[in-house]
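Commentary on secondary and tertiary structure
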Amino acid sequence: MAQLPILTAPDPRLKKKAKPVDKVDDGVRKLMADMLETMYAAPGIGLAAPQVGVSQRVIVLDVAREGEPPAPMKLANPEIVWASDDDNTYEEGCLSVPEHYAEVVRPRAVKVRCLDETGAAREIEAEGLLATCLQHEIDHLDGILFLDHLSSLKRNMILRKLLKEKKRGDDKDAKDDKPADAQQHTL
Ligand code: K1U
Ligand code: ZN
């Protein structure tokens, strides 16, 4: 298994629609395993393939609370086939939008159809944090960030801060004379 670098916004690869997986083969299973390792190390409760620069419809999640046994989930081609009429508000974070959090309103419960790591078709009924996290990760597959659910004022404020932080990082890398390919982010 390997830890993969996580892209941060603004990066054009985070805004692209990811391609469906044709077949859940060993390559997809290795991607799922590497993504889980990356997610646990971050740490996070979810990760979508575009966040590690892979344009495929693959997500991983684990919303088990501290003290509970791990509950890793590895899904390919997830799609929301039903969403509740009532909503839930959750303060969301994103590993691609580090150190910024905001309240996002989404359907309280969802039903998701997907393939598991053996390629078998599954249906997941979720509510609470799992429903929120599934919707956040499926958004990533469509090039949507939680920032896109906020007002343009809030979104632009966070994006400006992220750009400033990136520029500061790039300036420091240049000063330390690091080669360009050692820098993880692109604009
Ligand atoms: O997709 C991602 O960027 C991961 C993101 C998932 C998520 C968080 C909150 C609501 C919806 C989706 C994260 O995991 S951010 C980090 C985080 O929430 C967390 C980290 C450590 C412990 C507990 C939570
Ligand atoms: Zn995210």
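The preceding data block contains the structure.
Residues numbered from 1 in each chain as written. Chains lettered and ligands numbered in written order. Predicted model: local features only at pLDDT ≥ 70, side-chain atom pairs only at ≥ 80, totals over all residues. Heavy atoms only, no water.

Digging into the sheet that holds strand 2 (residues 58–61)
Worth spelling out the cut-off: Two strands are counted as paired when DSSP detects at least two bridges linking them. In DSSP terms, a helix is any run of H or I states spanning at least four residues, a strand is any run of E spanning at least two, and both are numbered starting from the N terminus. Lines fitted to C-alpha atoms define the axes, with helix axes restricted to the stretch in contact, and inter-axis angles between N-to-C directions lie between 0 and 180 degrees. In what follows, residue pairs with any heavy atoms lying within 4.5 Å of each other are defined as contacts.
Read from one edge to the other, the open sheet built from 5 strands follows the order 1-2-3-6-7, with strand pairing classed as antiparallel. Of all strands in the sheet, those with a lone pairing partner are strand 1 (46–48) and strand 7 (121–127), marking the two edges. Recorded for the sheet is a direction-independent mean angle of 40° between the axes of neighbouring strands. Relative to strand 3 (residues 73–83), strand 2 is paired through 4 bridges, and the arrangement is antiparallel. Residue pairing in the sheet places Leu61 in a bridge with Met73 of strand 3. Lying on the sheet, helix 1 (residues 26–41) is in contact with strand 1, strand 2 and strand 3; it crosses strand 2 at an angle near 40°.

Things to note about the site of ligand 1
Note the threshold: A single heavy atom is enough: if one lies within 4 Å of a molecule or strand, its residue is considered near that molecule or strand. Side-chain atoms alone can form a polar contact between residues adjacent in sequence; in general such a contact is a pair of N or O atoms within 3.5 Å, and within protein one must be able to donate a hydrogen while the other accepts it. Under the convention used here, a 1.4 Å probe and the Shrake-Rupley method define accessible areas, while residue burial counts only the protein chains that appear.
Taken together, 15 residues lie around ligand 1, and Ile45, Gly46, Gln51, Leu95 and Glu137 are the ones closest in. Within the contact set of ligand 1, an oxygen atom lies 2.7 Å away from a backbone nitrogen or oxygen of Ile45. Between ligand 1 and Gln51 there is a distance of 2.9 Å, counted from an oxygen atom to a side-chain nitrogen or oxygen. Coverage of ligand 1 by the protein amounts to 78% of the 540 Å² it exposes when considered alone. For the shell around ligand 1, the secondary structure elements donating two or more residues are strand 4 (87–92) and helix 2 (128–141). Ranked by residue count, the leading element in the shell around ligand 1 is helix 2, at 5 residues.

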